[in-house]
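Now for the letters of each chain:
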Amino acid sequence: MTLTDVLPSLGRSLHTKLEPDVWPRSTSAHPDGLRIAGIPVGELAARFGTPAYILDEDEVRRRCRAYRAALPGFEIAYAGKSLTCRAVLRWMAEEGFSLDVCSGGELAVARAVGFPAERIILHGNVKTAEDWKAALGYEIGRVVVDSLDEIDQLGSLARHPQRVLVRVTPGVDGHTHKAIATGVEDQKFGFPLRDAMTAVDAVLAQPGLRLDGLHCHIGSQVSSVASFELAARRMVEFAGAIRDRHGVVVRSLDLGGGHAVPYLPGQQEFDLTGYAQRVRVAVSYTASQLGLPVPQLTIEPGRALVANAGVTLYRVVTVKGRYVAVDGGMSDNMRACLYDAKYLVRLAGRSSSAPLRTVSVVGRHCEAGDVIAADIELPSDVHAGDVLAVPVTGAYHHSLASNYNQICRPPIIGVRDGWARPLVRRETEEDLLARDVG
Ligand SMILES: Cc1ncc(COP(=O)(O)O)c(C=O)c1O
Ligand SMILES: N[C@@H](CCCC[NH3+])C(=O)O
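Sequence positions are assigned chain by chain, starting from 1 and proceeding in written order. Chain letters start at A and ligand numbers start at 1, both assigned in the order the entries are written. Per-residue local features are limited, in this predicted model, to residues with pLDDT of at least 70; the limit for side-chain atom pairs, both in listing and counting, is 80 or more; totals at the level of whole chains, interfaces and linings are taken over all residues. Each side-chain value is derived from all of the structure's non-hydrogen atoms; neither hydrogens nor water enter the calculation.

### Re the pattern of salt bridges
No. 1: Salt bridges, as used here, are contacts in which a Lys or Arg side-chain nitrogen is within 4 Å of a carboxyl oxygen on Asp or Glu. As enumerated under the stated definition, the model contains 24 salt bridges in all.
No. 2: Put simply, R425 and D431 hold a salt bridge, and the shortest N to O gap is 2.7 Å.
No. 3: Salt bridges sharing common partners tie together E57, D58, R61, R65, E94, E95 and R416.

### Focus: the UniProt feature "active site" (unreviewed entry) in the chain
No. 1: UniProt positions are given in the numbering used here, feature names are shortened, and annotations may be inferred rather than shown by experiment. Summarizing the sequence annotation, UniProt attributes the feature "active site" (unreviewed entry) to C366 in the numbering used throughout.
No. 2: Per the convention used, a helix needs a DSSP run of H or I reaching at least four residues, while a strand needs a run of E reaching at least two, with both numbered from the N terminus. Tracing the backbone through its elements, the reader meets C366 in the loop between strand 17 (356-362) and strand 18 (371-379).
No. 3: Each residue gets one of three labels from its accessible area relative to the maximum for its type: buried under 20%, exposed over 50%, partly exposed in between, using a 1.4 Å probe on protein chains only. Among the residues examined, C366 registers a relative accessible area of 63% and is labelled exposed.
No. 4: In contact with C366, not counting residues within four places along its chain, are Y404 and N405. Contacts are assigned to residue pairs with any non-hydrogen atoms lying within 4.5 Å of each other.

### Topic: the nonpolar core
Within soluble globular proteins, side chains that are nonpolar generally end up buried alongside one another.
No. 1: Nonpolar core, defined: a set of buried Ala, Val, Leu, Ile, Met, Phe, Trp, Tyr and Cys residues in which side-chain atoms within 4.5 Å join the residues together. Y67, Y78, M92, V166, L214 and L255 are the most contacted members of the largest nonpolar core, which totals 126 residues.
No. 2: Counting residues per element, this core draws most heavily on helix 9 (residues 225-246), which supplies nine residues.

### Comments concerning the site of ligand 1
No. 1: To be near a molecule or strand, a residue needs just one of its heavy atoms within 4 Å of it. Lining the immediate surroundings of ligand 1 are 15 residues, of which H217, S220, G258, E300 and Y396 lie closest.
No. 2: For ligand 1, an oxygen atom lies 3.4 Å from a polar atom in the side chain of K81.
No. 3: By the criterion applied in these results, polar contacts are pairs of N or O atoms within 3.5 Å in which, for protein atoms, one can donate a hydrogen and the other can accept it, and in which residues neighboring in sequence qualify only through two side-chain atoms. Here an oxygen atom of ligand 1 and a backbone polar atom of G258 are 2.8 Å apart.
No. 4: For the area figures, the Shrake-Rupley method with a 1.4 Å probe applies, and any residue is considered shielded solely by the protein chains shown. For ligand 1, the accessible surface in isolation is 390 Å², of which the surrounding protein chains cover 92%.
No. 5: Each residue receives one of three labels: charged for Asp, Glu, Lys and Arg, nonpolar for Ala, Val, Leu, Ile, Met, Phe, Trp, Tyr, Cys and Pro, and polar for the others, Gly being one of them. Class assignment of the residues belonging to the shell around ligand 1 gives a composition of three nonpolar, seven polar and five charged.

### Some words on the environment of T84
No. 1: You can see T84 is positioned in the loop between strand 5 (75-79) and helix 4 (86-94).
No. 2: Not counting the four nearest positions on each side in its chain, T84 is found in contact with L89, E106, V109 and H398.

### A look at the sheet that holds strand 2 (residues 33-36)
The pairing of strands in a sheet happens through backbone hydrogen bonds and is either parallel or antiparallel.
No. 1: Each pair of strands is called paired provided DSSP finds at least two bridges between the two strands. Across the sheet, which stays open at both edges, the three strands sit in the order 1-2-3 with antiparallel pairing between neighbours. In this open sheet, the two edge strands, each paired with only one partner strand, are strand 1 (28-30) and strand 3 (39-40).
No. 2: Both strand 1 and strand 2 contribute to a ladder of three bridges, which runs antiparallel. Looking at the pairing, A29 lines up with L34 of strand 2.

### Quick word on the packing of aromatic side chains
No. 1: Geometry of aromatic contacts follows a simple scheme: Phe, Tyr and Trp rings, the Trp one being its six-membered ring, pair when their centres are within 6.5 Å, and the pair is stacked under 30 degrees between planes, edge-to-face over 60, tilted otherwise. Inspection of every chain in the model, using the stated rule, returns four aromatic pairs.
No. 2: Ring centres of F228 and F270 lie 5.8 Å apart, and the angle between their planes is 80 degrees; on these two criteria the pair is classed as edge-to-face. Placement of the pair is F228 in helix 9 and F270 in the loop between strand 12 (252-254) and helix 10 (272-290), with a sequence separation of 42 residues.
No. 3: Relative accessible area serves as the criterion here: at 12%, F270 is assigned to the buried category.
No. 4: Arranged with centres 5.2 Å apart and planes meeting at 85 degrees, the rings of F228 and Y275 form a pair that is edge-to-face. Residue F228 is located in helix 9, and its partner Y275 is located in helix 10; the two are separated by 47 residues in the primary sequence.
No. 5: Owing to a relative accessible area of 3%, F228 belongs among the buried residues under this scheme.
No. 6: Cluster of aromatic residues (ring-pair linked, three or more members): F228, F270 and Y275.

### Things to note about helix 5 (residues 104-112)
No. 1: Those residues of helix 5 not exposed but buried are G104, E106, L107 and A110. When helix 5 is viewed along its axis, its buried side chains cluster within an angular range of 155 degrees and face the same direction.
No. 2: Of the surrounding elements, those touching the buried residues of helix 5 are helix 4, strand 6 (98-101), strand 7 (120-122) and helix 6 (129-138).
No. 3: Between the side-chain oxygen at the start of helix 5 and the backbone nitrogen of G105 there is a gap of 3.2 Å, and the oxygen is on S103.
No. 4: Looking one or two residues past helix 5, G114 carries a phi angle of roughly 65 degrees, positive in sign. Directions from the helix axis toward the C-beta atoms define the arc.

### A word on the site of ligand 2
No. 1: Within the structure, ligand 2 sits among K81, I180, S220, R303, R335, Y339, Y396 and L400.
No. 2: At 2.7 Å from an oxygen atom of ligand 2 is found a side-chain nitrogen or oxygen belonging to R303.
No. 3: Contact distances for ligand 2 include 2.6 Å between an oxygen atom and a side-chain N or O atom of R335.
No. 4: Coverage of ligand 2 by the protein chains reaches 83% of its 310 Å² of free accessible surface.
No. 5: In the shell around ligand 2, the residues fall into four nonpolar, one polar and three charged.

In structure tokens:
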């Protein structure tokens, strides 16, 4: 057998086989291309246009249920910053989750679907007058306080005793990208342990506030369970110091989110079972050493619930040398630029038996850095009009999207069981012009 006899069959087997771990479970590869939730990707692209964010509802719910099963007794608050739209918040409410919001805007969407107010937690290092108005107007359950100024502001605004958590920076390195590492000291979030008692003193001195607990979030895309464990231990020790100083028992401990997901085949899934066991043991052991009751535990995953349920579809517009240029780019995927994040790209609207070649998939924006994936392999016959798919785009893609170059942001298309429907419609030039009132 010659090499040319082997290559086509090698190519075919590669393109009808799906890379493990990164696609929604409902994705399958066929000679006529990929299907998600039973729907051919080519059909989705033709019906809804490209670029488009596809979101698999069953995959989101499956992940929610996996969290629920792995962490009985934990309160699970979905971090809305990863992806907020009415449908997703409705699913989270139906799954019995709480919700972490960090602006009046995220809260407005929660309110629009009647998300139970007592299950909402407000975050952020800056809470504006509008944010306070929205939060107090909806009577949300808890506020995570992040500065002495805002303890004063909230204390004077709250009409009923407002439950608060004090955000502590536990001095733990989550070993993640610098831009999303929030557990280390000397940064804008939270109170470092050495100052956190001042914040607790300030909260307890405000009659309008009730100290409900402590919060920490060591970073995002963190895979080290040991870092979460260390943070949990330090937080309980700090609860012990509060009891010693004030005689006040901290009832709840919110350990934040940040659980890593695989973006590329072969990357490890987060060890959720190990996390559950080690965090639970660390908290109960440290609490018993200090003679404290075990606090109610809350976690705030965002990415881990939605990232792998999302796939972005693009259409190839031109192929120039080794550059495959598509109809989207950094306006719908900021992560490649911000964190040098790596993505898998796959020919999805058909299969190909052509040999692979090394290309860079680039966007349409006026920046040389607008690269979705550099030096990856695609079939050598990829041409204008082909549909490409990029998995693991459910989190921090729609929420980070921009209108750079006055490009309209893509829709979110929900898929389930052979059905597809827009959850967020495509932005139009009329939408853009409607805001431009000059
Ligand atoms: C306070 C807080 N909670 C939860 C999250 C969610 O993080 P992730 O989406 O990585 O789980 C973030 C973002 O990093 C955050 O800042
Ligand atoms: N935008 C970041 C995560 C931000 C985490 C929010 N605190 C990412 O895509 O990785």
